[in-house]
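The lines below spell out each chain.
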Amino acid sequence: MKTLIVYFSYTAGNTKRIAERVQASVGGDIARLEPVTPYKGSYDDVVHQGQEEVECGYKPALKSLGVNVKDYDRIIVGSPTWWYKMAPAALTFLSENDFTGKTVVPFMTNAGWPGTVLKDMTAVAEKNGAKVEHGHEFRFSSDSKHFDRMVTPEKELEQWINTLK
Ligand SMILES: Cc1cc2nc3c(=O)[nH]c(=O)nc-3n(C[C@H](O)[C@H](O)[C@H](O)COP(=O)(O)O)c2cc1C
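Predicted, not measured: the structure shown is a model, and the values here were computed from it.

A closer look at the site of the ligand
Next, step 1: In the vicinity of the ligand there are 20 residues, among which Ser9, Tyr10, Ala12, Thr15 and Thr81 approach most closely.
Next, step 2: Here an oxygen atom of the ligand and a backbone polar atom of Gly13 are 2.9 Å apart.
Next, step 3: In this structure the site holding the ligand corresponds to the largest pocket.
Next, step 4: Taken together, the elements giving at least two residues each to the shell around the ligand come down to α1 (14-26), α2 (43-55), β3 (74-82) and β5 (103-110).
Next, step 5: Here the shell around the ligand is composed, by residue class, of eleven nonpolar, nine polar and no charged.

Laid out in C-alpha cells, this is it:
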C-alpha cells in the first residue's frame, strides 16, 4: 500500500511534527500544503485573516504538491484547527481531489477548542469518494509561549501511529 502524508502547518509546526513522526514510522511520501499566496503579517493578523477565510469557506489556491494523489492508496491528511474548522489549505486539498478507491486518515491539532474539524474533514473526504478511518485529534497548549507543547499524552500519539503501520 502506498501512503502519502499531506499537511498544512502555520503556528508552531505542530501539525508538521506529527506528520513527520508518522512518516518516520510508517514510511511513504510527505508533502506540505502551501497556499500560492503565503500568510503574512503578525500572528494576530493571520488569526484575523483566518477567521474571515474560514467563515466564508475560502479555498486558497495551493502550490503544486510535487506528487500525484492518484499514485497513492492511502492519504494521511493533517490540519491545525482554525476557528473551529480545518485550515483553508486543507479544505482546498480535500475538496479538489478525487479519493475514489482510496483511504483517507484525517488528523488535526488544536489548542483546546477542536470544533468540528475531524467531522468536517471526514465529510469532505467521504463526499469525494474516500473510505475514512483512524481520524485523530491532538491537543497542544493554548499558552502563546508554549504553543508547541503537546497536551495529548505522547503514548496516545504512539498508539495512533501504530494503528497506521
Ligand atoms: C487562524 C487561527 C485560528 C485558530 N483557531 C483555533 C480554534 O478554533 N481552536 C483551537 O483549539 N485552536 C485554534 N488555533 C490554534 C491552532 O489550532 C493550534 O495552535 C495548532 O496546534 C497549530 O498547529 P500548527 O503549529 O501546525 O499550525 C488557531 C490558530 C490560528 C493561527
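Details of unusual backbone geometry
Across residues other than glycine, the phi torsion is negative in most instances, and most of the peptide bonds are trans.
Next, step 1: One non-glycine residue, Trp83, lies in positive phi territory at about 55°.
Next, step 2: Of the residues examined, Trp83 reaches a relative accessible area of 34% and is grouped as partly exposed.
Next, step 3: The backbone of Tyr84 shows a phi angle near 70°, a positive value even though the residue is not glycine.
Next, step 4: Classification of Tyr84 by relative accessible area gives partly exposed; the value is 45%.

A closer look at the nonpolar core
Next, step 1: Ile75, Met86, Phe93, Leu94 and Phe99 are the most contacted members of the largest nonpolar core, which totals 29 residues.
Next, step 2: When contributions to this core are tallied by element, the ones reaching two or more residues are β1 (3-7), α2, β3, α3 (88-95), β5 and α4 (117-127).
Next, step 3: Beyond its immediate stretch of four places on either side in the chain, Leu94 contacts Val77, Met86, Phe99, Val104, Met121, Val124, Ala125 and Asn128.
Next, step 4: Ile18, Phe107, Leu157 and Ile161 belong to the second largest nonpolar core, which has 14 residues in total.

Brief notes about the pattern of salt bridges
Next, step 1: This model, assessed by the stated rule, comprises five salt bridges.
Next, step 2: The salt bridge involving Arg21 is made with Glu154; its shortest N-O contact spans 2.5 Å. Here Arg21, found in helix α1, pairs with Glu154, found in helix α5 (residues 154-163); they are 133 residues apart in sequence, far enough to count as distant.
Next, step 3: Judged by relative accessible area, which is 33%, Arg21 ranks as partly exposed.
Next, step 4: One salt bridge connects Lys131 with Glu133, and the closest N-O pair in it is separated by 3.2 Å.
Next, step 5: Judged by its relative accessible area of 51%, Lys131 falls in the exposed class.
Next, step 6: What makes Glu133 partly exposed here is its relative accessible area of 26%.

What counts and what doesn't
Residues numbered from 1 in each chain as written. Predicted model: local features only at pLDDT ≥ 70, side-chain atom pairs only at ≥ 80, totals over all residues. Heavy atoms only, no water. Near = heavy atom within 4 Å. Polar contact = N/O pair within 3.5 Å; in protein donor to acceptor, adjacent residues only side chain to side chain. 1 Å grid on protein atoms, 1.4 Å probe; cavity = no way out; pocket = protein on both sides within 12 Å on 5 of 7 lines; lining within 4 Å. Sits in = over half its atoms within 2 Å of the grid points. Helix = DSSP H or I, 4+ residues; strand = E, 2+ residues; numbered from the N terminus. Nonpolar A, V, L, I, M, F, W, Y, C, P; charged D, E, K, R; others polar. Buried < 20%, exposed > 50% of the residue type's maximum accessible area, 1.4 Å probe, protein only. Core = buried A, V, L, I, M, F, W, Y, C linked by side-chain atoms within 4.5 Å. Contact = heavy atoms within 4.5 Å. Salt bridge = Lys/Arg side-chain N within 4 Å of Asp/Glu carboxyl O.

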